[in-house]
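Commentary on secondary and tertiary structure
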Amino acid sequence: MRQVVSTRPITWCDDANQPFSIIGNVTWQTTHLKVSVMLETATTCAFVAAKVDEGGCHSASATGVFFWICSEGYWNVTSDLAHTETLSHGSYDIKAGQWYALDIYAKDDIATVSIDGHEEASVYTKSKVKAGYAGIGTGGYYYAQFDDFYLFEATYF
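Summary of the structure given here. (Residues numbered from 1 in each chain as written. Predicted model: local features only at pLDDT ≥ 70, side-chain atom pairs only at ≥ 80, totals over all residues. Heavy atoms only, no water.)

Points about the packing of aromatic side chains
What counts is decided by this rule: Two aromatic rings from Phe, Tyr or Trp, using only the six-membered ring of Trp, form a pair when their centres are within 6.5 Å; if the ring planes differ by under 30 degrees the pair is stacked, by over 60 it is edge-to-face, and anything between is tilted. For the exposure calls, accessible area comes from a 1.4 Å probe over protein chains only, and a residue counts as buried if that area is under 20% of its type's maximum, exposed if over 50%, partly exposed in between.
This structure, assessed with the given rule, holds five aromatic pairs. Between F67 and W75 the ring centres are 6.1 Å apart and the planes differ by 75°, which places this aromatic pair in the edge-to-face class. Owing to a relative accessible area of 3%, W75 belongs among the buried residues under this scheme. Aromatic ring contacts, followed pair by pair, group F20, F47, F66 and W68 into a single cluster.

Structural notes on the environment of G56
We count it as follows: The helix and strand labels rest on DSSP assignments: H or I over at least four residues marks a helix, E over at least two residues marks a strand, and numbering proceeds from the N terminus.
Summarising the element assignment, G56 is placed in the loop between β4 (45-52) and β5 (63-70). Looking at G56, the relative accessible area reads 52%, which means it is exposed. Sequence separation between G56 and W68 is twelve residues; the distance between their C-alpha atoms is 20 Å.

Some thoughts on the environment of A144
With respect to the element layout, A144 can be found in strand β12 (residues 144-153). For A144, a relative accessible area of 0% translates into the label buried.

What to know about the sheet that holds strand β2 (residues 20-23)
In plain terms, the rule: Strands are labelled as partners when DSSP assigns at least two bridges between them. Orientation is described by axes fitted as lines to C-alpha atoms, over the contacting stretch for helices, and by angles from 0 to 180 degrees between their N-to-C directions.
The antiparallel open sheet is built from six strands, whose spatial order is β2-β11-β4-β5-β6-β7. The two strands at the open ends of the sheet, each matched to only one other strand, are β2 and β7 (86-91). Direction aside, the axes of adjacent strands within the sheet are offset by 15° on average. Relative to β5, β4 runs antiparallel, the two sharing six bridges. Bridging across to β5, A46 finds its partner in I69.

Focus: the side chain of T112
Note the cut-off: Whether two residues touch is decided by their heavy atoms; if any such pair falls within 4.5 Å, the residues are in contact.
Mapping T112 onto the fold places it in strand β9 (residues 110-115). If we ignore the near neighbours within four places in the chain, the residues touching T112 are D103, I104, Y105, E119, A121 and S122.

What to know about the state of the cysteines
Put simply, the rule is: Note on terminology: disulfide denotes any pair of cysteine sulfur atoms within 2.5 Å.
A complete count under the given rule lists two disulfides for this structure. Here C13 pairs with C57 through a disulfide, and the sulfurs are 2.1 Å apart. Residues C13 and C57 are joined through a disulfide that is left-handed, its torsion about the S-S bond being -85°. Remark: C57 occurs in the loop between β4 and β5 and C13 occurs in the loop between β1 (2-3) and β2; sequence separation between them is 44 residues. By relative accessible area, which is 26% here, C13 ends up partly exposed. Owing to a relative accessible area of 41%, C57 belongs among the partly exposed residues under this scheme. Residue C45 pairs covalently with C70 via a disulfide, S to S 2.0 Å. Measuring handedness by torsion sign, the sulfur bridge of C45 and C70 sits at about 110° and is right-handed. Within this pair, whereas C45 is found in strand β4, its partner C70 is found in strand β5, the two being separated by 25 residues in sequence. As far as burial versus exposure is concerned, C45 and C70 are alike and both buried. The disulfide pattern of the chain is 1-3, 2-4 when the bonded cysteines are numbered in sequence order.

Following this line, the structure appears as structure tokens:
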């Protein structure tokens, strides 16, 4: 999959400033998502997410567990799509034009995130996020690619 929309479209509601897609079921309490991500240009970010509670016209206020990687060499975990509440952050040698295997596992009030098989953080989600969709997206309207998409819901563990 490739994020190719390079300018914000005309919208008819208060939706998010970031393009993203959700899949699954809003009632999922445990989610495990693995996705390979490539940022195509410098100064860009992409994310994988679990327990996303909103989409469509209400997506600007979406909460969940969002695991972001940025081509400037850092990652962070936020509890909202607006990227205002950081749960954890760190550095990683992330560069545009390279693939990175991202993994997010969210169960109960804990989310664990990994890059290329290396666990980066296990965070307490502050009990705000109880259930929701899985998602992928970017921090703005620029190119990014997503591949090797694997989604596991709690009933399969």
